[in-house]
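If you want the building blocks of each chain, they are given just below.
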Amino acid sequence: MIVILLGPPGAGKGTQAAALVKRYGIPHVSTGDIFRANLAEKTPLGLEAKGYMEKGALVPDDLVVRLIGDRLSQSDAAKGALLDGFPRTTAQAQALEAFLDKESKKVAACLLLEVDDQELLKRLTGRRVCRSCGSGWHVAFSPPPSDLVCPKCRGEIYQRTDDSQETIKNRLKVYHEQTSPLIDWYKAKGILKAVNGLGEPSQIEAAIAKALG
Ligand code: ADP
Ligand code: ZN
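Residues numbered from 1 in each chain as written. Chains lettered and ligands numbered in written order. Predicted model: local features only at pLDDT ≥ 70, side-chain atom pairs only at ≥ 80, totals over all residues. Heavy atoms only, no water.

Student: Quick question: what am I supposed to make of the coordination of the zinc ion (ligand 2) here?
Tutor: Geometrically, a metal with four donors at the corners of a regular tetrahedron has ideal angles of 109.5 degrees, and one with six donors at the corners of a regular octahedron has ideal angles of 90 or 180 degrees. For the zinc ion (ligand 2), the protein coordination sphere consists of C130 (SG), C133 (SG), C150 (SG) and C153 (SG), at 2.3 to 2.4 Å. If you list the donors of the zinc ion (ligand 2) from N- to C-terminus, the spacing comes out as C-x2-C-x16-C-x2-C. Within this pair, whereas C133 is found in the loop between β5 (127-130) and β6 (136-138), its partner C150 is found in the loop between β6 and β7 (157-158), the two being separated by 17 residues in sequence. When its relative accessible area of 0% is taken as the criterion, C150 is described as buried. (Donors = N, O, S within 2.8 Å, 3.2 Å for Na, K, Ca; no water. Helix = DSSP H or I, 4+ residues; strand = E, 2+ residues; numbered from the N terminus. Buried < 20%, exposed > 50% of the residue type's maximum accessible area, 1.4 Å probe, protein only.)

Below, the structure written as structure tokens:
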């Protein structure tokens, strides 16, 4: 089962992914997390992605497509995957379809988390995340512990460099220009499930469960 989590930066994809992974027992594949882990390790892939990520631009399609192909070929993804942050362009969606076709697989559902830009800006500027497990906090809405040590994994809680005001604006622009056309693309395939991303995470989790059936 391949499920896509679609939505603008800050929509809550990471939070909802954690719940979905538990429910369906499929691995969470976040291209953003993979790039950040590679950057921390200073791998060639991480160093190539660095400049794009810092500007809030997209990493070139061919690089992302290769990365996803490798990841979906690993044994834990045999039963499916929850894709978070991929595809982000129509070219990536086409490449994913071609990859799955070869294995007689297809995307089961594309879940769209809808949140307006004003709310996204508020969420992203105050966001803090754990460097190790990706758990999130917000300086105003759900402040992190003052020692900035993650209670779940003892990792360091920090602010992503791309969560600065300027970069956020660019990420939203990139989303509207390059990623949002995927909404119609998956709607046309009859597998788009739109869910309101405003509210308590638990409410949204329930709405997603209902949408996925
Ligand atoms: P966001 O919080 O903006 O959803 P992610 O953690 O998913 O961010 O991704 C962070 C950055 O990694 C993006 O701004 C982009 O530079 C790069 N990236 C992640 N996934 C992709 C993708 N599918 N295609 C191109 N670039 C990507
Ligand atoms: Zn953690």
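Student: It is not clear to me how the site of ligand 1 should be interpreted in this structure. Could you clarify?
Tutor: Within the structure, ligand 1 sits among 19 residues, and T31, R36, A57, G85 and Q92 are positioned closest to it. Between an oxygen atom of ligand 1 and a main-chain N or O atom of A57, the distance comes to 2.6 Å. Interatomic distance of 2.9 Å between a side-chain N/O atom of Q92 and a nitrogen atom of ligand 1. Look at ligand 1: alone it shows 550 Å² of surface, and the protein chains cover 97% of it. Here the shell around ligand 1 takes four residues from helix α2 (residues 31-40), the largest share from any one element. (Near = heavy atom within 4 Å. Polar contact = N/O pair within 3.5 Å; in protein donor to acceptor, adjacent residues only side chain to side chain. Areas by Shrake-Rupley, 256 points an atom, 1.4 Å probe, with all protein chains shown as cover.)

Student: Explain the layout of surface pockets to me, please; I cannot follow it from the model alone.
Tutor: Unoccupied space between atoms shows up once a probe the size of one water molecule is rolled over them. The space that makes up the second largest pocket amounts to roughly 150 Å³. The wall of the second largest pocket is formed by A93, L96, E97, L100, D101, K105, K106, V107, W185, Y186, K189 and I191. When contributions to the lining of the second largest pocket are tallied by element, the ones reaching two or more residues are α5 (90-102) and α8 (181-188). Residues of the lining of the second largest pocket, tallied by class, amount to seven nonpolar, no polar and five charged. (1 Å grid on protein atoms, 1.4 Å probe; cavity = no way out; pocket = protein on both sides within 12 Å on 5 of 7 lines; lining within 4 Å. Points joined across faces, edges and corners; volume = space filled by probe spheres on them. Nonpolar A, V, L, I, M, F, W, Y, C, P; charged D, E, K, R; others polar.)

Student: Is there a simple way to explain the sheet that holds strand β2 (residues 28-30) in this structure?
Tutor: Pairing between the strands of a sheet comes from backbone hydrogen bonds, and it takes one of two forms, parallel or antiparallel. Overall, parallel pairing links the five strands, which are arranged β2-β3-β1-β4-β8 in an open sheet. Every interior strand has two partners, whereas the edge strands, β2 and β8 (192-196), have only one. Adjacent strand axes in the sheet meet at a mean angle of 20° when their direction is disregarded. (Pairing = 2+ DSSP bridges. Axes fitted to C-alpha atoms, helices over the stretch in contact; angles between N-to-C directions.)

Student: Would you explain the pattern of salt bridges in this entry?
Tutor: Proximity of charged atoms lets side chains of opposite charge pair with each other. Under the definition given, this model contains 14 salt bridges. For R160, the salt bridge identified is with D162, shortest N-O distance 2.9 Å. Note on accessibility: R160 and D162 belong to one class, buried. A salt bridge links R171 to D162, with the shortest nitrogen-to-oxygen separation between them at 3.9 Å. With relative accessibility at 9%, the residue D162 sits in the buried group. Overlapping salt bridges bring together R127, R160, D162, D163 and R171 as one network. (Salt bridge = Lys/Arg side-chain N within 4 Å of Asp/Glu carboxyl O.)

Student: Would you mind going over the nonpolar core with me for this structure?
Tutor: Across soluble globular proteins, you tend to see nonpolar side chains buried next to one another. With 31 residues, the main nonpolar core has L72, L83, L96 and Y186 as its most contacted residues. Sorting the residues of this core by element identifies β1 (2-6), α3 (44-55), α4 (61-72), β3 (81-84), α5, β4 (107-114) and α8 as the ones contributing at least two each. Tallying contributions element by element places α4 first for this core, with five residues. Setting aside residues no more than four positions away along its own chain, L72 makes contact with A77, A81, L83, L96 and F99. (Core = buried A, V, L, I, M, F, W, Y, C linked by side-chain atoms within 4.5 Å. Contact = heavy atoms within 4.5 Å.)

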